[in-house]
Amino acid sequence: MKPTTTQYLVVKDDAEWREQLSAEEFHVLREAGTERPFVGEYTDTTTEGVYACRACGTELFTSDTKFESHCGWPSFYAPEEGKVEYIEDRSFGSVRTEVRCATCGSHLGHVFSGEGYPTPTDQRYCINSVSMTLRPKA
């Protein structure tokens, strides 16, 4: 996965984002924060549907790609095509790959490879619940 640079379709200043998002949502989505493990709204849900960016509404993941990783956050093995971007993250003394919404640049979480999960991609998209909204299947 190569880092990408994007001219975002949805652009707002911090004041506009703060009006739209709760303090916790703003911290995670706009400041690349992380919610505490095992407390997120979607960590254990098995509801069928589509997970969309809480900031802009872009559809990011489907429940078909969600799996139980026991890591404390919702995990998916693949995003919807072209809906996320990847940024090299060298924080905390390691190199990780940050996952952001390709439409608005909001932080979603990180993607990890080679952990041995029995998924088609051998990847784990570790995503903050607070960064998404689940749209249940009708």
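Quick caveat, the model's predicted, so the values are computed rather than measured.

Visitor: Describe the environment of Glu81, listing the residues and the values that go with them.
Guide: Within the element layout of this structure, Glu81 appears in the loop between β4 (75–76) and β5 (84–89). Sequence separation between Glu81 and Leu60 is 21 residues; the distance between their C-alpha atoms is 8.4 Å.

Visitor: Kindly report on the nonpolar core, identifying the contributing residues and their values.
Guide: The biggest cluster of nonpolar side chains holds 22 residues, and the ones touching the most others in it are Phe61, Leu108 and Tyr125. Contributions of two or more residues to this core are made by α2 (23–31), β1 (49–53), β2 (59–62), β5, β6 (96–101), β7 (107–113), β8 (123–127) and β9 (132–136). With residues up to four places along the chain from it excluded, the contact list for Phe61 reads Val50, Tyr51, Phe76, Ala78, Pro79, Glu80, Tyr125, Ile127 and Met132.

Visitor: Tell me about the side chain of Ser129, and name the residues and values.
Guide: Relative to the helices and strands, Ser129 resides in the loop between β8 and β9. Assessed through its relative accessible area of 1%, Ser129 is described here as buried. When neighbours within four sequence positions are excluded, Ser129 is seen to be in contact with Glu35, Gly40, Glu41, Tyr42, Thr43, Arg54 and Pro74.

Visitor: Lay out the packing of aromatic side chains with the relevant residues and their values.
Guide: Counted according to the given criterion, the structure contains 6 aromatic pairs. Through a chain of ring-to-ring contacts, the aromatic side chains of Tyr42, Tyr51, Phe61, Phe76, Tyr86 and Tyr125 assemble into a single cluster. When the ring centre of Trp17 is taken as origin, the NZ or CZ atom of Lys12, which lies over that ring, is 4.9 Å away. Just above the ring of Phe26 sits the side chain of Arg18; from NZ or CZ to the centre is 3.9 Å.

Visitor: Describe the pattern of salt bridges, naming the residues involved and giving the relevant values.
Guide: Under the counting rule described, the total for this entry stands at 9 salt bridges. Ionic pairing is found between Arg54 and Glu25, a salt bridge with its closest N-O pair at 3.2 Å. Separated by 29 residues along the polypeptide, Arg54 in the loop between β1 and β2 and Glu25 in helix α2 bring together distant segments of the chain. Taking the relative accessible area as the measure of exposure, Glu25 reaches 13% and is therefore buried. Members of the salt-bridge network, linked through shared partners, are Glu25, Glu41 and Arg54.

So, how was this worked out
Residues numbered from 1 in each chain as written. Predicted model: local features only at pLDDT ≥ 70, side-chain atom pairs only at ≥ 80, totals over all residues. Heavy atoms only, no water. Helix = DSSP H or I, 4+ residues; strand = E, 2+ residues; numbered from the N terminus. Core = buried A, V, L, I, M, F, W, Y, C linked by side-chain atoms within 4.5 Å. Buried < 20%, exposed > 50% of the residue type's maximum accessible area, 1.4 Å probe, protein only. Contact = heavy atoms within 4.5 Å. Phe/Tyr/Trp six-rings, centres within 6.5 Å; stacked < 30°, edge-to-face > 60°. Lys NZ or Arg CZ within 6 Å of the ring centre and 35° of its normal. Salt bridge = Lys/Arg side-chain N within 4 Å of Asp/Glu carboxyl O.

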